[in-house]
Amino acid sequence: MPDVNVPNFGELLSPFIGAVPEHAVPNFLALLERGAAQRYRVWAEQLPDFREGLIKCADSEDEIATIVERIFPIDSALAEEIKTPLPAARDTYYEVFERYSIVEQLAIQADAELQGAGAWEAMLSDELPAEVSEGLQTCMKLEKASSAYLYSVIDQLT
């Protein structure tokens, strides 16, 4: 496992998350998931031997976003409003990876996936409708599966 300094992404992105109304935070996180999907697609081009698995991870990120948008619906005006802090948040996220090798980037992302699973888990409560709880649990599983896949790639590359 590469030795990299993995940030706490919740803390790193808190200024941007804090700029979004609290009830729309899941939707903002869904937009960030779509940004992570794009990173996976770039890695898939850079690592053709792992392309299929990395594209599957990208698709999982998009699936997470779709689930979250379904279980936490917001009106179109708010959907547009939460896009305002998105470019700066994505830039901040992408900057974390800039100075690292691709293997180190994958290690950072593998940990970020586990942090993402933790974020969805933190939203669970007994008061949520079953559909919302099930959606969050699916998001957690997808995040963990992507993390496990990345760790398997790292093992093969190191």
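Residues numbered from 1 in each chain as written. Predicted model: local features only at pLDDT ≥ 70, side-chain atom pairs only at ≥ 80, totals over all residues. Heavy atoms only, no water.

Chemist: Report on the overall build of the chain, specifying residues and quantitative values.
Modeler: Scanning the chain from N- to C-terminus turns up 8 helices and 0 strands. Along the chain direction, N to C, the helices and strands of the chain fall in the order α-α-α-α-α-α-α-α. Rg of the C-alpha trace for the chain: 15 Å, near the compact-globule value of 15 Å for 158 residues, within the 12% margin. Projected onto its principal axes, the C-alpha coordinates of the chain cover approximately 45 × 30 × 25 Å. Counting over 158 residues, the chain shows a buried share of 47%. (Helix = DSSP H or I, 4+ residues; strand = E, 2+ residues; numbered from the N terminus. Rg over C-alpha atoms; globule rule 2.2 N^0.38 Å. Buried < 20%, exposed > 50% of the residue type's maximum accessible area, 1.4 Å probe, protein only.)

Chemist: Could you give me a rundown of the pattern of salt bridges, with the residues and numbers involved?
Modeler: Per the stated rule, a full pass over the model turns up 7 salt bridges. For Asp59, the salt bridge identified is with Arg41, shortest N-O distance 3.5 Å. Residue Asp59 is found in helix H4 (residues 51–71), and its partner Arg41 is found in helix H3 (residues 25–46); the two are separated by 18 residues along the sequence. On the accessibility criterion, Asp59 (42% relative accessible area) is partly exposed. Look at the salt bridges and you will find they share partners, linking Arg34, Arg41, Asp59, Asp62 and Glu69 into a network. (Salt bridge = Lys/Arg side-chain N within 4 Å of Asp/Glu carboxyl O.)

Chemist: Got a sec to walk through the layout of surface pockets? Specific residues and values, please.
Modeler: Volume-wise, the largest pocket comes out at about 350 Å³. Lining of the largest pocket is provided by 18 residues; of these, Phe9, Leu13, Glu33, Ala112 and Gly116 occupy positions nearest its centre. Examining the composition of the lining of the largest pocket, we find that 7 residues originate from one element, helix H7 (residues 102–122), more than from any other. (1 Å grid on protein atoms, 1.4 Å probe; cavity = no way out; pocket = protein on both sides within 12 Å on 5 of 7 lines; lining within 4 Å. Points joined across faces, edges and corners; volume = space filled by probe spheres on them.)

Chemist: Tell me about the environment of Met140, and name the residues and values.
Modeler: Considering the arrangement of structural elements, one finds Met140 in helix H8 (residues 130–157). In the structure, Met140 is positioned 74 residues away from Thr66 in sequence and 14 Å away in space, judged by C-alpha atoms. Among residues more than four places away in sequence, those in contact with Met140 are Ala117, Trp120, Glu121 and Leu124. (Contact = heavy atoms within 4.5 Å.)

Chemist: Any chance you could break down the packing of H3 against helix H6 (residues 86–95) for me, citing the residues and the numbers?
Modeler: Orientation of H3 relative to H6, taken along the N-to-C sense of each, is 45°, at an axis distance of 10 Å. Classified by the interaxial angle, the pair formed by H3 and H6 is oblique. The handedness of the crossing between H3 and H6 is right-handed. From H3, Phe28, Leu31, Leu32, Arg34, Gly35, Ala36, Gln38 and Arg39 reach across to H6, where they touch Leu86, Ala89, Arg90, Tyr93 and Tyr94. Each residue belonging to the contact of H3 with H6 can be placed in one class, and the counts come to 8 nonpolar, 2 polar and 3 charged. (Axes fitted to C-alpha atoms, helices over the stretch in contact; angles between N-to-C directions. Parallel < 35°, antiparallel > 145°, perpendicular 65-115°, else oblique. Left-handed = near helix turned anticlockwise from the far one by under 90°. Nonpolar A, V, L, I, M, F, W, Y, C, P; charged D, E, K, R; others polar.)

Chemist: Can you lay out the packing of H3 against H7 for me, pointing to particular residues and giving the numbers?
Modeler: Contact geometry for H3 and H7: axes closest at 12 Å, N-to-C directions at 155°. One element, H3, and the other, H7, form an angle in the roughly antiparallel class. Here H3 and H7 pass one another in a crossing that is left-handed. Residues Pro26, Leu29, Glu33, Ala36, Arg39, Tyr40, Trp43 and Gln46 of H3 form the contact with H7, whose participating residues are Ile102, Gln105, Leu106, Gln109, Glu113 and Trp120.

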